[in-house]
Each structure stands twice: as C-alpha cells, then as structure tokens.
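Understanding the architecture of this molecule
Here are the chains, one letter per residue:
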Amino acid sequence: MGLGPSGPAPLAFDLETAAVRPVGRRRQRGVCMTGMTVGFIGLGAMGQGMAASLLRAGHRLRVWNRSPEPVAALVAQGADAAGSLADVFAAEAVVSMLANDDAVEQLLLDPALLAGAKAAVHVNMATVSIALADRAAALHAEHGIGYVAAPVLGRPQVAAAGELNILAAGGNTALAQAAPLLSAMGRHTWPFGTRPSHANAAKISANFLIACAIESMAEACSLAESHGVRPTDLVEMFSGTLFPGPIYSGYGEMVAARRYEPAGFRLPLGLKDVNLALTAGAAANVPLPFGSVLRDAFLDALAHGDGDKDWAAVAAVARRRAGLPA
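Cut-offs and rules
- Residues numbered from 1 in each chain as written.
- Predicted model: local features only at pLDDT ≥ 70, side-chain atom pairs only at ≥ 80, totals over all residues.
- Heavy atoms only, no water.
- Helix = DSSP H or I, 4+ residues; strand = E, 2+ residues; numbered from the N terminus.
- Buried < 20%, exposed > 50% of the residue type's maximum accessible area, 1.4 Å probe, protein only.
- Contact = heavy atoms within 4.5 Å.
- Areas by Shrake-Rupley, 256 points an atom, 1.4 Å probe, with all protein chains shown as cover.
- Expected span 1.5 Å × (residues − 1).
- Axes fitted to C-alpha atoms, helices over the stretch in contact; angles between N-to-C directions.
- Parallel < 35°, antiparallel > 145°, perpendicular 65-115°, else oblique.
- Left-handed = near helix turned anticlockwise from the far one by under 90°.
- Nonpolar A, V, L, I, M, F, W, Y, C, P; charged D, E, K, R; others polar.
- Phe/Tyr/Trp six-rings, centres within 6.5 Å; stacked < 30°, edge-to-face > 60°.

As for the overall build of the protein
Within the protein, the secondary structure is distributed over 14 helices and 13 strands. Here the protein holds 326 residues, and 51% of them are scored as buried. Counting contacts in the protein only where the partners sit at least 6 residues apart, residues at least 24 apart contribute 65% of the total. Per element, the accessible surface of the protein, about 14,000 Å² overall, is 58% carbon and sulfur.

Quick look at helix α1 (residues 45-56)
With 12 residues, α1 should reach 16 Å at 1.5 Å per residue; the first-to-last C-alpha distance of 18 Å fits that figure. Burial runs high along α1: 9 of the 12 residues are buried. Inspection of α1 places Met46, Gly47, Gly49, Met50, Ala51, Ala52, Ser53, Leu54 and Leu55 among the buried residues, and these make up the whole buried set. Gly58 occupies a position one or two residues after α1 and carries a positive phi of about 95 degrees.

A word on the packing of helix α9 (residues 197-226) against helix α11 (residues 246-257)
At a minimum axis separation of 10 Å, α9 and α11 run at an interaxial angle of 50 degrees. Classed by the angle they form, the pair α9 and α11 counts as oblique. Note that α9 runs across α11; the crossing there is right-handed. The residues of α11 that touch α9, namely those facing Ile210, Ala213, Ile214, Ser216, Met217, Ala218 and Cys221, are Ile247, Tyr248, Tyr251, Gly252 and Val255. Of the residues assigned to the contact of α9 with α11, the class counts are 10 nonpolar, 2 polar and no charged.

What to know about the packing of aromatic side chains
Under the counting rule described, the total for this entry stands at 6 aromatic pairs. Ring geometry for Phe238 and Tyr248: centres 6.1 Å apart, planes at 90 degrees, overall edge-to-face. Remark: Tyr248 occurs in helix α11 and Phe238 occurs in helix α10 (residues 231-240); sequence separation between them is 10 residues. Given a relative accessible area of 7%, Phe238 falls into the buried group. Here the aromatic rings of Phe243 and Tyr248 are separated by 4.6 Å at their centres, their planes lie at 20 degrees, and the arrangement is stacked. Among the aromatic residues, those joined into a ring-pair cluster are Tyr251, Phe265, Phe298 and Trp311.

Here is the structure:
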C-alpha cells in the first residue's frame, strides 16, 4: 500500500465509523501525509514486524533498539539506523513498541528529548499502565507533540503480516496524523476517544479477558482429563461450538497439547498485564477477584521455571493443582 507521491491517496481516521478513509494530500502540523519519515523505537518480536510493515507501505524508517541485531535486520530491508533517540524524534512521526512502563519512562519521557523533538506525533503502541499513559500524554502536550496510544491485539506473526487489530485514542489531529501508520500496521483500528489512556484501559481489559480464558480452559481441560477425556477432543468441541474464535481455538490447542514454546507472548508479560489490570481496578475501586487468582497462578508458573514460555504455560499450574502429570 504505497503512499508515495505517485501512490494512492493517504488515509485519515474516521472516528464515527472506526475506519480509515481516503483524503486529499496535505500536510498537518509539519507531517507529510504521503509517505512519512518515521522513527521507530523497540524492535522486539512485535516491533520488528510492525516496522517492516511501515517499510512495505512506503514510509522512510529510522530504527532504534537497545540490541543491534534487529536494527541490522531492518537496515537490510531498507531502513536507516538511528544514531540516537534524538535522531528518532527528528523524524516527522515516531512509533514506539517497548515492553513496559519502566522502558517507556526511561527512554521516552525525558523532557530534554521531547523539548528537542521535531516529530509532530508520537504513537505509543506498548501496553502500559493508565497512569503512565496520562503522564506521557501531558508531557507530550507540554512540548507541542501529539500523542496517540495505540496498543495492539495480535501475536508476532500477525504483526509481521500487517494484520494487527489496533486500539487507538488521542486528539483528532494526532489520530489523523497517525492514521497512515496505523493502517500500514493493522487490519482494523478501533477508536476509544480523545484521551489516550482510554486505549490502554481497553487493552488491559482485553488482555485480562484473554488471561481469564486461558485459565478457564486450563481448569476445564484438567477436569475433563481427570475423568478420562482427551483435552484435544474437548477443545475441538468447544472451539467449534460454544466458543469459536482465535482465543479459544488457538490457546485451547496450546493448553490441550501442552505446547508452550516458542513463546509468542512470554509469561512474565502476561503477569505484567494481570498486574496492570489489578492496579487499574484498585484505582477505580473495581474488584477483580479473578485477577488475584491469575496473579498467583502466574507467580506459581514463574516459580516453576516457566518464565521463557508462552503465557499459556500458566495452564501447567492448573494441571499441578489437579495432580496430573506435567
């Protein structure tokens, strides 16, 4: 989906229809809407595929990562290696995909960095706390930089295909500036209003729901297996009848087969997101009793050495509780 001068018209975000729509070519607050220069920070399992999608869409990319290997891989695909974070923020727009609050705080919420930035918009696609999202939005506003929170639903292979579902929130101008980038990385963008942290609240809620689904599948499979039913048969039935869709079919197969490697989403990140949900609940006086169960199950899995496995490995805890073989 090229966006260069001879390519198709660029896209803007339609807040009413949750879609992107063609618009006339123009600049908005210094951002060229026909193939932007984009700084990209964070080339982990997800970030590598997302950055590659931006390259395929015709954007000029400057990439930065703490470890050099992913940078070299993107340079081989046509990106430029950024010499510093300041070099990244000298681009027209910045996209970041970091692991947690600490990484975002340490690398991106530096007032000196933002004061010298030329970027008109920063699209933070990490799953971070609501409090950090609010603080990041305020700090960017102080320095005249648009801020969009755009966490994603999808695993690394989905990111590499540019087929992510993206949850986005931010000011209308910032969302319009970010729209060509979001459409390059995702199949659909879901709007959650003008306050960026609302997108993070939605993502935390979604990941909490997925964690609950994994735990419930693990317990159901352990119950069935303890009575002689093959977990694979159970998963085939409920994913084809009661609970169709990628969560129950995909994670159900992993739980039934006890296949937790390679990790698409590592177990410590799952614990991080459960803790984000518990923190968000406490801040709004919303009890999350299942959240406490999930937190302890994830801690149990980590204590048993499953930290490098997919977060579906939390199912092994249910098996241990049931006295089933590992």
